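Architecture at a glance
Listed below, chain by chain, are the residues.
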Amino acid sequence: MPKNSIPKEAAYQIINDELKFDGNPRLNLASFVTTWMEPECDKLMMESINKNSVEMEQYPVTTDLQNRCVNMIARLFNAPLGDGEAAIGVGTVGSSEAVMLAGLAFKRQWQNKRKAQGLPYDKPNIVTGANIQVCLEKFARYFEVELKEVKLREGYYVMDPEKAVEMVDENTICVVAILGSTLTGEFEDVKLLNDLLVEKNKKTGWDTPIHVDAASGGFIAPFLYPELEWDFRLPLVKSINVSGHKYGLVYAGIGWVVWRTKTDLPDELIFNINYLGADQPTFTLNFSKGSSQVIAQYYQLIRLGFEGYRNVMDTCHENMMVLKQGLEKTGRFNIVSKVNGVPLVAFSLKDSSLHNEFEVAEMLRRFGWIIPAYKMPADAEHVTVLRVVIRDDFSRNLAERLVSDFEKVLHELDTLPVRIRAKMANGKVNGVKKTAEEMQREVTSYWKKFVENKKTNKNTITK
Amino acid sequence: MVLSKTASESDVSIHSTFASRYVRNSLPRFEMPENSIPKEAAYQIINDELMLDGNPRLNLASFVTTWMEPECDKLMMESINKNYVDMDEYPVTTELQNRCVNMIARLFNAPLGDGEAAVGVGTVGSSEAIMLAGLAFKRQWQNKRKAQGLPYDKPNIVTGANVQVCWEKFARYFEVELKEVNLREDYYVMDPVKAVEMVDENTICVAAILGSTLTGEFEDVKLLNDLLVEKNKQTGWDTPIHVDAASGGFIAPFLYPELEWDFRLPLVKSINVSGHKYGLVYAGIGWVVWRTKTDLPDELIFHINYLGADQPTFTLNFSKGSSQVIAQYYQLIRLGFEGYRNVMDNCRENMMVLRRGLEKTGRFNIVSKENGVPLVAFSLKDSSRHNEFEVAETLRRFGWIVPAYTMPADAQHVTVLRVVIREDFSRTLAERLVADFEKVLHELDTLPARIHAKMANGKVNGVKKTPEETQREVTAYWKKLLETKKTNKNTIC
């Protein structure tokens, strides 16, 4: 910490200048998280930035707005609620917290059930696909639940419902399905999972429930695919989480989790805080936090309404098709993602012998675009994809520009020599002794590949 | 021929917000509306409803920062669309977080060499920070017990009954038993002697609070450390200490630098502090630092690779905004050590002004100490006719939000009012508050005492009540009932 103060203008300028080296959020095509909101909403957020959202007694309106959001989202997911009945749910900092809360509820329910039956309850597990986002791995590790992953395979990059149901045993606290897989944007077949699990439950009597991680898909499916049954319409679905900051169209820092009914959230996990003489039950991991994002979520829900959200999702889908078709026309890519699902395009090179997807991503950075390249998890690690997420602020113009920049990059890569395979031992390239410069270049590219390998082996898919 | 067109009656885009139909319909509460509305209308309607929230600047219940410089507001707004967890895309923001961790760790005298990276992380608040620290202790303890072949299914944590609710949450959610040292009248913090007595082989750590929520007191961490060192020698259990410095962490180094409470004490293995309390940043940022690498079990850390470098992360939350981290860095370099010290000096000064002003009324007992978090906690000398809750309620009319709480076990008969002095609470406001307290007391003095509801016989002092009196009695009864519920269940936040 520096000893002395500096003037505020200096502090602002210094930090502002350094931050210029951060990527441009609008060109960050790796992320699902919202990067643009209307100025009116920015204004609302700034005005409430000094309100601590946990202080319910001091800020009752903000608390009320949060409750309204929960009610709206629960009904969007067809929770079995009567008119004017309060939904069970809470606003969180993101889907990570939401998933942890849902998982905690399942764990406690299962433990209570087993205790009542006099059976051991020390080895809970959760069944998911290997395509889960890291927050579920965190939940498993931090809350001491075993993670049983259904492996993927080439061409099938989501959880196979049949395999998942096979893996369910008496210690399974729940099965987690993803609506909008991080890797390819696909919606898992929650209905099939539900139907298979209903059958198994009849035979075993274990009553295993389902949680749907709708972090991305929760704000897409109801508008683009209303006939798709994935939510509380399926009887085994007991809780759902969605990220307000993905297709909920709010800046980073807001997620939602809703439970089907009161009984799905064990009372002992709820802390009772009293405000204005009324009982406000709370169940969150975080306590003090800003109110801006909750207010912004409410703004979006009433500003856009159902038709507004549907229009935004339609536009995203349209622009996704433009990009997909543009990439297909280059003839150099295999499209891995499906047309239905989260509006994104995941694709790999048809021929990656000379240059691979990581190099393409790197070169694109020079044009300003940030596009990630990932290896698939087990058992499809030989497949590498590039992924472009279409958010609401990605216009058709940008889509067409991106396609032409891809063409430029491919053209440039075509003219570059092949990566040097570092054979450090004999110091030769094709039998000719290397110059000092070549050695240097070789060492550099060797370490570069080494680091890339570390990256791909350890890379946690974050978005 | 002049063709003129009158403005169409149905041309809604030119209607001013308050002339439009949007303010005639009530905002939806339960279901998403079918149609969109103009953004100006959406802004205005929400903004207007939010006017009925309390004024954050007058919210004297909270430790959490409610004012920052406009330059910082500007920085925060500009980074509001950066997802903090995208380390690959926003390397500078990540770097700023690391710098904050390094600075805070050194502020707490972590044993680090020059240029050595500290072990710590930015969180959403002290709740997350405490859960991470607790998780680390739990895992360390479990590993140790497994290695010794001993049972590891009943971990517990020793704290005072004055802990903030986040410790109770940690205990409940992560299945650790909470062993609380009860308070007593006039001793509202954890007694180190009693705490060390409660330590057993299943204790994963002892948590001390620097800046108790109730009275702002700093617990005697040094005494706790020394007693625990002794006990550890006898038992060989090696029980560590965690310091919850949520409030005190950004006060003690500046106002009481000679006070030994941090990593200078050998048993302190981790410390959390709220950036959004006396770190002087808006709500949504906390910090936890560990003494050394070995105090944070590797198996809890997830490795994310950015720019080819390994960035270990250990947080419960993932995506979140970057604004608060950048704001924290702004404050650390903008104010520097002297700036923070000046702010804390001012807070303490204004606290003394308020304290003396309240003492001078002759109606209050001051419960808080002078050293500690700058706040004044006080109770009525005579609460037989009107109690502290009524004072707080009446004060609301003047705009002030001052909370009233009953103490936890075993001092539940004591009720206090508490005013927290933040950086934006000037001396002028302090003097105004004292004047308003005097007005409130004067007003309450003129009101009749609370009616003790004896519902059964329908009589007050032997005289049969009129329907109006009965109604008033019923209201007062239910009001008391709610207040009692409030005090019994009130989580001090």
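Residues numbered from 1 in each chain as written. Chains lettered and ligands numbered in written order. Predicted model: local features only at pLDDT ≥ 70, side-chain atom pairs only at ≥ 80, totals over all residues. Heavy atoms only, no water.

In the annotation of an unreviewed UniProt entry, chain B is listed under the name Glutamate decarboxylase and assigned to Arabidopsis arenosa. Per UniProt, the comment on chain B under Catalytic activity (unreviewed entry) is "L-glutamate + H(+) = 4-aminobutanoate + CO2". (UniProt positions renumbered as here; feature names shortened; annotations may be inferred.)

The name an unreviewed UniProt entry gives chain A is Glutamate decarboxylase, with Arabidopsis arenosa as the organism. What the UniProt record of chain A gives under Catalytic activity (unreviewed entry) is the line "L-glutamate + H(+) = 4-aminobutanoate + CO2". In its Cofactor (unreviewed entry) section, the UniProt record describing chain A reads: "pyridoxal 5'-phosphate".

Things to note about the pattern of salt bridges
Side chains that differ in charge, positive against negative, can pair when their charged atoms come close. The full count for this structure, using the stated rule, is 50 salt bridges over all chains. As a salt-bridge pair, Lys138 of chain B and Glu144 of chain A come within 3.3 Å of each other at their nearest N and O atoms. Placement of the pair is Lys138 of chain B in helix α4 (residues 126-148) and Glu144 of chain A in the loop between α5 (134-142) and β3 (146-150), with the two residues belonging to separate chains. As a salt-bridge pair, Asp191 of chain B and Lys194 of chain B come within 3.9 Å of each other at their nearest N and O atoms. In this structure Lys194 of chain B comes out as partly exposed when scored by relative accessible area, which is 38%. Overlapping salt bridges bring together Lys107, Arg108 and Glu268 of chain A together with Glu175 of chain B as one network. (Salt bridge = Lys/Arg side-chain N within 4 Å of Asp/Glu carboxyl O. Helix = DSSP H or I, 4+ residues; strand = E, 2+ residues; numbered from the N terminus. Buried < 20%, exposed > 50% of the residue type's maximum accessible area, 1.4 Å probe, protein only.)

Considering the interface of chain A and chain B
Contacts between the two partners involve 111 residues from chain A and, on the opposite side, 111 residues from chain B. For the chain A and chain B pair, buried surface summed over both sides reaches about 10400 Å², with 58% attributable to carbon and sulfur atoms. Of all residues in chain A, the largest losses of buried area upon contact with chain B belong to Met1, Tyr142 and Phe271 of chain A, amounting jointly to 8% of the total for that side. Counting every contact that joins chain A to chain B gives ten salt bridges. A salt bridge links Glu144 of chain A to Arg139 of chain B; the nearest nitrogen and oxygen atoms lie 3.9 Å apart. Run the count over chain A and chain B and you get 57 residue pairs in polar contact (both at pLDDT 80 or more). It is helix α9 (residues 292-330) of chain A that provides the largest number of residues to the side of chain A that touches chain B, a total of twelve residues. Among the residues making up the side of chain A that touches chain B, the classes are represented as 48 nonpolar, 31 polar and 32 charged. (Contact = heavy atoms within 4.5 Å. Buried area = accessible area lost by both parts, 1.4 Å probe. Polar contact = N/O pair within 3.5 Å; in protein donor to acceptor, adjacent residues only side chain to side chain. Nonpolar A, V, L, I, M, F, W, Y, C, P; charged D, E, K, R; others polar.)

A few points about unusual backbone geometry
Unusually for a residue other than glycine, Glu175 of chain B sits at a positive phi of about 55 degrees. With respect to the helices and strands, the residue Glu175 of chain B is situated in the loop between α5 (165-173) and β3 (177-181).

Re the UniProt feature "modified residue: N6-(pyridoxal phosphate)lysine" (unreviewed entry) in chain B
All names here are of chain B. Feature annotation in UniProt places "modified residue: N6-(pyridoxal phosphate)lysine" (unreviewed entry) on Lys277, given in this structure's numbering. Examined against the element boundaries, Lys277 turns out to sit in the loop between β6 (268-274) and β7 (286-290). Discounting residues that sit within four places of it in the chain, Lys277 has contacts with Phe63, Val64, Thr65, Ala246 and Ser247.

So, the sheet that holds strand β13 (residues 415-420) of chain B
All names here are of chain B. Read from one edge to the other, the open sheet built from four strands follows the order β10-β11-β13-β12, with strand pairing classed as antiparallel. A strand with exactly one partner marks an edge of an open sheet, and here the two such strands are β10 (364-366) and β12 (404-406). For this sheet, the mean inter-axis angle between neighbouring strands, taken without regard to orientation, is 35 degrees. Pairing between strand β11 (residues 375-380) and β13: four bridges, direction antiparallel. (Pairing = 2+ DSSP bridges. Axes fitted to C-alpha atoms, helices over the stretch in contact; angles between N-to-C directions.)

A short note on the UniProt feature "modified residue: N6-(pyridoxal phosphate)lysine" (unreviewed entry) in chain A
Residues and elements named next belong to chain A. Residues annotated in UniProt with the feature "modified residue: N6-(pyridoxal phosphate)lysine" (unreviewed entry) correspond here to Lys246. In this structure, Lys246 sits in the loop between β6 (237-243) and β7 (255-259). Discounting residues that sit within four places of it in the chain, Lys246 has contacts with Phe32, Val33, Thr34, Ala215 and Ser216.

Quick look at the packing of helix α4 (residues 95-117) of chain A against α5 of chain A
Residue and element names in this part refer to chain A. Close contact between α4 and α5 brings their axes to 9 Å; oriented N to C, the two are set at 45 degrees. Considering their axes alone, α4 and α5 lie oblique with respect to each other. The interaxial crossing formed by α4 with α5 has right-handed handedness. Residues Ser96, Val99, Met100, Gly103 and Leu104 of α4 pack against Cys135, Leu136, Lys138, Phe139 and Tyr142 of α5. (Parallel < 35°, antiparallel > 145°, perpendicular 65-115°, else oblique. Left-handed = near helix turned anticlockwise from the far one by under 90°.)

Digging into the nonpolar core
Grouped together as the largest cluster of nonpolar side chains are 116 residues, with contacts concentrated most on Leu402 and Phe406 of chain A. Of all the elements, α9 of chain A adds the most residues to this core, at 16 residues. Non-local contacts of Leu402 of chain A, meaning those with residues more than four positions away in its chain, are made with Leu29, Leu323, Leu364, Trp369, Ile371, Val388 and Phe394 of chain A. Within the second largest apolar cluster, 102 residues are counted, among which are Ile241, Leu280, Val353 and Leu395 of chain B. (Core = buried A, V, L, I, M, F, W, Y, C linked by side-chain atoms within 4.5 Å.)

Digging into the side chain of Asn81 of chain B
Among the secondary structure elements, Asn81 of chain B is positioned in the loop between α2 (70-78) and α3 (91-107). Only 3.0 Å separates the side chain of Asn81 of chain B from the backbone oxygen of Thr35 of chain A, close enough to count as a polar contact. Setting aside its immediate chain neighbours within four residues, Asn81 of chain B contacts Pro25, Thr34, Thr35 and Tyr251 of chain A together with Tyr90 of chain B.

A word on the packing of aromatic side chains
Going through the model one piece at a time under the given rule, you end up with 28 aromatic pairs over all chains. A centroid spacing of 6.4 Å and a plane angle of 65 degrees characterise the contact between Trp369 of chain A and Phe394 of chain A, whose relative ring orientation is edge-to-face. Here Trp369 of chain A is found in the loop between α10 (357-366) and β12 (373-375), whereas its partner Phe394 of chain A is found in the loop between β13 (384-389) and α11 (396-415), with 25 residues between them in sequence. Taking relative accessible area as the criterion, Trp369 of chain A reaches 3% and is therefore assigned buried. For the pair Phe108 of chain B and Trp261 of chain B, a centre-to-centre distance of 5.1 Å together with 70 degrees between the ring planes defines the contact as edge-to-face. Taken as a pair, Phe108 of chain B in the loop between α3 and β1 (119-123) and Trp261 of chain B in the loop between α8 (252-255) and β6 lie far apart in primary sequence, 153 residues in all. Among the aromatic side chains, those forming a connected cluster through ring pairs are Phe139 and Phe143 of chain A together with Trp167, Phe170 and Phe174 of chain B. Stacked on the ring of Phe302 of chain B, the Lys or Arg Arg141 of chain A has its end atom at 4.0 Å from the ring centre. Between Arg153 of chain A and the ring centre of Tyr156 of chain A, over which it is positioned, the NZ or CZ distance is 4.4 Å. (Phe/Tyr/Trp six-rings, centres within 6.5 Å; stacked < 30°, edge-to-face > 60°. Lys NZ or Arg CZ within 6 Å of the ring centre and 35° of its normal.)

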